[in-house]
Amino acid sequence: MRAAVSGAGEQPGPTGLLGTVLVDTVRRTGASAGVVYLLDEAAQTLGLAVLCGLPEEVAWPWHRIPLTSAAPVSEAVRENRLVWVGSQEEMARWYPQVAASLPYRFALAATPLSGRSRCWGGLVLLWPASHPERATRRELGHISAEARGIAHVLDQLPDPPHAPEQPLRVSLTEPHPYTDRSPQAAADYAERLPDGALALDLEGRITFVNGAASALLGQAADRLLGTRPWQSLPWLDQPTVEDRYRTAVISREPVEFTALRPPDGRLRFHLYPDGSGISVRVTLAPAPAHDRPDPDPDPDGDRPETARPSRPETVAPRTAHTGRLYQLLHLASALTETVAVSDVVELVAGQVLPAFSADGLVLSAAEAGRLTITGWHGYDRKALEVLDGLPLGTGLTPAGRVLSTGIPSFFASVEELAREYPQAPLMSGKRAWAFLPLLISGRPVGCCILSYDRPHPFTADERAVLTSLAGLIAQALDRAQLYDAVHGLALGLQETLLPHRLPAVPGLAMAARYLPASRGMDIGGDFYDVIPLDAATVAAVIGDVQGHNVAAAALMGQVRTAIRATTGASPDQVLARTNRVLIGLDTDLLVSCLYVRIDLAHGRATLASAGHPPPFLHRPGQEGLVVGLDPAPPLGIDLDMPYPVTDLALPPGSTLGLYTDGLVEVPGTDPDLTAADLARQLARHRDKDVEGLVDDLIRRAWPTGRYTDDTALLLLRTTVQGGPAAADRPAPGNSRRP
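Since this is a predicted model, take the numbers as computed values, not measurements. (Residues numbered from 1 in each chain as written. Predicted model: local features only at pLDDT ≥ 70, side-chain atom pairs only at ≥ 80, totals over all residues. Heavy atoms only, no water.)

1. Some words on the overall build of the chain
Formally: Where helices and strands are cited, they refer to DSSP runs of H or I of at least four residues and of E of at least two residues respectively, numbered from the N terminus. The cut-offs for exposure are 20% and 50% of the maximum accessible area for each residue type, with area from a 1.4 Å probe on protein chains only; residues under the lower value are buried, those over the upper are exposed, and the others partly exposed. Note on contacts: a residue pair qualifies if any of its non-hydrogen atoms lie within 4.5 Å across the two residues. With residues, only the protein chains shown are counted as cover, and all accessible areas are computed by Shrake-Rupley using a 1.4 Å probe.
A count of helical and extended segments in the chain gives 22 helices and 30 strands. Counting only residues that meet the buried cut, the chain has 54% of its 738 residues in that class. Intrachain contacts of the chain at a sequence separation of at least 6 include 65% that bridge at least 24 residues. Put simply, the chain shows about 32,800 Å² of open surface, and 54% of that area lies on carbon and sulfur atoms.

Set out below in structure tokens:
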């Protein structure tokens, strides 16, 4: 009998401190595992920093998570709230991508690590399948308190921590009463057992094996220690065996299965997990019921079929790797959510490269008979200049051959590549490559090159998974190219219908932004305009046409024109006349609109609204507020609809904010509360110029920058005529800068 001991030492610095705090949090909450993610604000991603109670292989697909992804921790950070998932069914319903790669029973909580002035990242805690599906209010409060404690620790650090390339894995094992005693007593006890006894760590490696287990498995103990059973025993190298191990680790429930040991042996494995690893009991399994003679035959054939014992669960030998299969499933699910080409590049660089331990990426699209680089990672500009624009049939690199044959090429070393393509290794300094053709029905979409900084022999399962993955990347890239083309045309159309610059008006500083939605290839109908009426009077209008399509954009242009044609009238008459024009167009689309007439000479404003969100306002010496307006329905409903007028005082230094609903309709928040908060921001930043303030307000409402709807925002600040208005006025052509 032999025993092996494994463990992870504490690392100094912020990551090691986080490991200690995470272990304490997992123990105090009664969780079985925990993960800390750190937020990279520049890249808008969450990086895996520390984990405990989980195998690194299970967590690796989630090594780096875009903040916009559909995952519990990203949603918790994005929406600044605790997310609880109590069952596998809930996970499949709300987060199908996560459920596909982790099809096990467990409960999960994800909560942001909100510090004094920033969000540091997210905390994820897992509980065994035995945990109730619904967490109590007290338990949720305890989880939130623990997250605040971790955030407080991060606040105290002198330098902001960053997620390491290799996450720190810390042990949850607590000392046993016999820790200081000789281990010989435990070893002797295990050796006397008639059944086989194994111990696995959380990574699946064998750390202990007794003599009975060695005999049953048919392998010497020293050949088993430190290996995973499905690696050292070929007849266990099958997806089902590894999947049973993963089920035990994640669900923390006992698991049993029977395996066939050549030539005709049958072994029963009983797995008993906890936070330190898995104890495995191995016994001889009885023959299946259908192979044994019936001890009580029924000649009359009257015994019900259900009385026959069910056949024990048996796994048959088959070569595969469950980790790779789930990895492919996870990546396939993630690729279905990509929209733009930049999303595809980000996903391949952020998840495919780490999954295969690659160091470099070049993703090229087939355009006009050439390979145009659309994204890269780990390459310098000089190498990219050589690779960009190569013909599809190039003989300089293997890219031409893989595209013509549709067969990937793998080169484990410089020597292998140089034998066929002498110039190719000199381009980048890499040491191993995988050239993957991106084809759809034989049509070349592009080429994906994964590279390594050291020689890398590609295993059979790596080649198989990468080959399958190439087809998925090809579909995602082709779909993303179509999106980018259509979205670019649509955005260009909409921008031609918006003012190219705001007019110069003495006594009034202005700034505006139009922000398209981050997802979806349709265009919206949000619009704004500023129209000087005379030397001391100006009109401002903002509106939103129902729908997100070309019809909405075209109608937006017509409404803008109708408003400009009637600007000499009072605000209520402008809306009434525009309403009649809209009804005369016989369209099914409705339009919300807010029209403001500002008298700079007397410091007054009159407003009329047609179903549009009310503006927010700040006057000098007062708090910011949302203006109360008499409600009226949108344009296009009733030909004779009246539009009430509201009168406001606008002394010099007042700031009025007009916006569309996309600014305040943030998922998980109340639009009215968001608008009130933005009004208070006007007061807090009253001394800031409107150009900076307009961007601050957008970041305040949408800190992630991932807008779910089109957004228009127009700020107007009254000044003393001849004062600082000109300095605050946006530069020509800059009114829509995000």
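2. Digging into the confidence of the model for the chain
Formally: The predictor rates its confidence in each residue with pLDDT, a number between 0 and 100.
On average, residues of the chain score 83 in pLDDT, and 87% of them are at 70 or above. Note that residues 1–11 has pLDDT below 50 and, in this model, 25 contacts with residues that lie over four places away or in other chains. Considering only residues more than four positions removed or in separate chains, one finds that residues 722–738, a stretch of pLDDT under 50, has 46 contacts.

3. Quick notes on the pairing of strand β7 (residues 119–127)
Regular strands place side chains that alternate from one sheet face to the opposite one. What counts is decided by this rule: In this scheme, strands are said to pair when DSSP sees at least two bridges between them.
Within β7, nine of the nine residues are buried, which leaves it mostly tucked inside the rest of the structure. Pairing analysis gives six bridges linking strand β2 (residues 33–40) to β7, with the strands arranged antiparallel. Bridge pairing links G34 to L125 in β7. The pairing of strand β6 (residues 107–114) with β7 spans eight bridges and is antiparallel. Residue pairing across strands places S114 opposite C119, the latter belonging to β7. Following β6, the chain reverses through four residues before pairing antiparallel with β7.

4. Considerations on helix α6 (residues 137–156)
What counts is decided by this rule: Multiplying one less than the number of residues by 1.5 Å gives the expected span of a helix.
Over its 20 residues, α6 runs 29 Å from end to end, which matches the ideal 28 Å to within 8%, given 1.5 Å per residue. Along α6, the positions that sit buried rather than exposed are E139, I143, E146, A147, I150, A151, L154 and D155. As for α6, its buried residues are in contact with α1 (14–29), β2, β5 (83–85), β6 and β7.

5. Examining the packing of helix α20 (residues 671–684) against helix α21 (residues 690–701)
When two helices pack together, you describe them by how their axes are tilted relative to each other and by the distance separating the axes. Worth spelling out the cut-off: Simply put, an axis is a line fit to the C-alpha atoms, just over the touching stretch for a helix, and the angle between two N-to-C directions goes from 0 to 180 degrees. A clockwise turn of the near helix away from the far one marks a right-handed crossing, whereas an anticlockwise turn of less than a right angle marks a left-handed crossing.
Orientation of α20 relative to α21, taken along the N-to-C sense of each, is 145 degrees, at an axis distance of 10 Å. In terms of crossing hand, the pair formed by α20 and α21 is right-handed. Residues T674, D677, L678, Q681, L682 and R684 of α20 touch α21, and the partners they reach there are L693, L697, R700 and A701.

6. Focus: the sheet that holds strand β24 (residues 591–599)
What holds strands together in a sheet is hydrogen bonding between their backbones, with the strands either parallel or antiparallel. In space, the five strands of this open sheet follow the order β22-β23-β24-β25-β28, with antiparallel pairing throughout. Each of the sheet's edge strands pairs with one partner strand only, and the pair in question is β22 (525–534) and β28 (645–649). Between one strand and the next, the sheet's axes are offset by a mean angle of 15 degrees, whatever the strand orientation. The sheet strands contacting helix α19 (residues 571–584) are β24, β25 (604–610) and β28, and the helix crosses β25 at an angle near 25 degrees.

7. Some remarks on the packing of α1 against α6
Keep this limit in mind: For this classification, under 35 degrees means roughly parallel, over 145 means roughly antiparallel, 65 to 115 means roughly perpendicular, and everything else is oblique. Gly is put with the polar residues, along with every residue not named as nonpolar or charged; the nonpolar set is Ala, Val, Leu, Ile, Met, Phe, Trp, Tyr, Cys and Pro, and the charged set is Asp, Glu, Lys and Arg.
Look at α1 against α6: their axes get within 11 Å of each other, and the N-to-C directions meet at 165 degrees. By the criterion of interaxial angle, the relationship of α1 to α6 is roughly antiparallel. Of the two possible hands of crossing, α1 and α6 adopt the one that is right-handed. In this structure, α1 contributes L17, L18, V21, T25, R28 and T29 to the contact, and α6 contributes H142, E146, I150, V153 and L154. When its residues are assigned to classes, the contact of α1 with α6 shows six nonpolar, three polar and two charged.

8. Section: the sheet that holds strand β26 (residues 616–618)
Judged by pairing direction, the sheet is antiparallel, and its five strands sit side by side in the order β21-β30-β29-β26-β27 without closing on themselves. Looking at strand neighbours, the two that pair on one side only are β21 (508–515) and β27 (625–626), the edges of this open sheet. As judged from the three bridges shared by β26 and strand β29 (residues 655–659), these two strands associate in the antiparallel manner. By the bridge assignment for β29, H618 is matched with T655.

9. Overview of the pattern of salt bridges
Keep this limit in mind: In what follows, salt bridge is the name for a side-chain nitrogen of Lys or Arg lying within 4 Å of a carboxyl oxygen of Asp or Glu.
Tallied over the entire structure, the rule returns 23 salt bridges. Note that R604 is salt-bridged to D647, the shortest N-O span being 2.2 Å. Of this pair, R604 sits in strand β25 while D647 sits in strand β28, and the two are 43 residues apart along the sequence. Note on D647: relative accessible area 43%, which makes it partly exposed. When the shortest N-O distance is used, the salt bridge between R699 and D696 registers 2.7 Å. Within this pair, R699 and its partner D696 are both found in helix α21, separated by three residues, close to a single helical turn. Ionic contacts of the salt-bridge type, sharing partners, join the residues E75, E79 and R81 into one network.

10. Some details on the packing of aromatic side chains
Aromatic ring pairs are defined here through the distance separating the ring centres and the angle between the ring planes. Here is the rule we go by: Aromatic rings from Phe, Tyr and Trp, with only the six-membered ring used for Trp, were paired whenever their centres fell within 6.5 Å, and each pair was classed as stacked if the ring planes differed by under 30 degrees, edge-to-face if by over 60, and tilted otherwise. By definition, being over a ring means that NZ of Lys or CZ of Arg is both within 6 Å of the ring centre and within 35 degrees of the ring normal.
Applying the stated criterion to the full structure yields seven aromatic pairs. For the pair W84 and W127, a centre-to-centre distance of 5.3 Å together with 50 degrees between the ring planes defines the contact as tilted. Separated by 43 residues along the polypeptide, W84 in strand β5 and W127 in strand β7 bring together distant segments of the chain. Judged by relative accessible area, W127 falls into the buried class, the value being 1%. Each ring, one from F411 and one from F435, has its centre 6.1 Å from the other, and the planes form 85 degrees; the classification is edge-to-face. Remark: F435 occurs in strand β19 (residues 432–440) and F411 occurs in strand β18 (residues 409–411); sequence separation between them is 24 residues. Assessed through its relative accessible area of 4%, F435 is described here as buried. By way of ring pairs, the aromatic residues F410, Y452 and F458 are connected into one cluster. If you follow R118 out to its NZ or CZ, it ends over the ring of W120, 4.2 Å from the centre. The ring of Y379 has K430 lying over it, and the distance from NZ or CZ to the ring centre is 5.1 Å.

11. Some thoughts on the side chain of E203
Which entries qualify depends on this criterion: In the analysis that follows, any N or O atom pair within 3.5 Å is treated as a polar contact, provided that within protein one partner can donate a hydrogen and the other can accept it, and provided that, for residues neighboring in sequence, both atoms belong to side chains.
In this structure, E203 sits in the loop between β9 (196–200) and β10 (206–209). Polar contacts involving the side chain of E203 include one to the side chain of R169, which spans 3.0 Å. If sequence neighbours within four positions are ignored, E203 has contacts with L54, P55, E56, E57, R169, R228 and Y245.

12. Points about the nonpolar core
How we decide: Definition of nonpolar core: a set of buried residues of the types Ala, Val, Leu, Ile, Met, Phe, Trp, Tyr and Cys, connected through side-chain atoms within 4.5 Å.
In this structure, F527, L658 and L716 are the most contacted members of the largest nonpolar core, which totals 52 residues. Once you skip the residues sitting within four places of it in the chain, F527 turns out to touch L498, V541, I542, G543, D544, V545, M556, V559, R560, I563 and V591. With 38 residues, the next largest nonpolar core counts L331, V345, A355 and Y452 among its residues.

13. Description of the pairing of β9
When you tally the buried positions in β9, you get five out of five residues, the bulk of the element. The alternating pattern of β9 places G196, L198 and L200 on one face and A197 and A199 on the opposite face, and all of these are buried. When β9 meets strand β13 (residues 277–284), the two strands line up antiparallel, connected through five bridges. Opposite L198, over in β13, you have V280 as the bridge partner. Bridge count for β9 against β10 is three bridges, and the pairing is antiparallel.

14. A word on the environment of D672
Considering the arrangement of structural elements, one finds D672 in helix α20. Put simply, D672 and P613 are 59 residues apart on the chain and 9.3 Å apart in space, counted from C-alpha to C-alpha.

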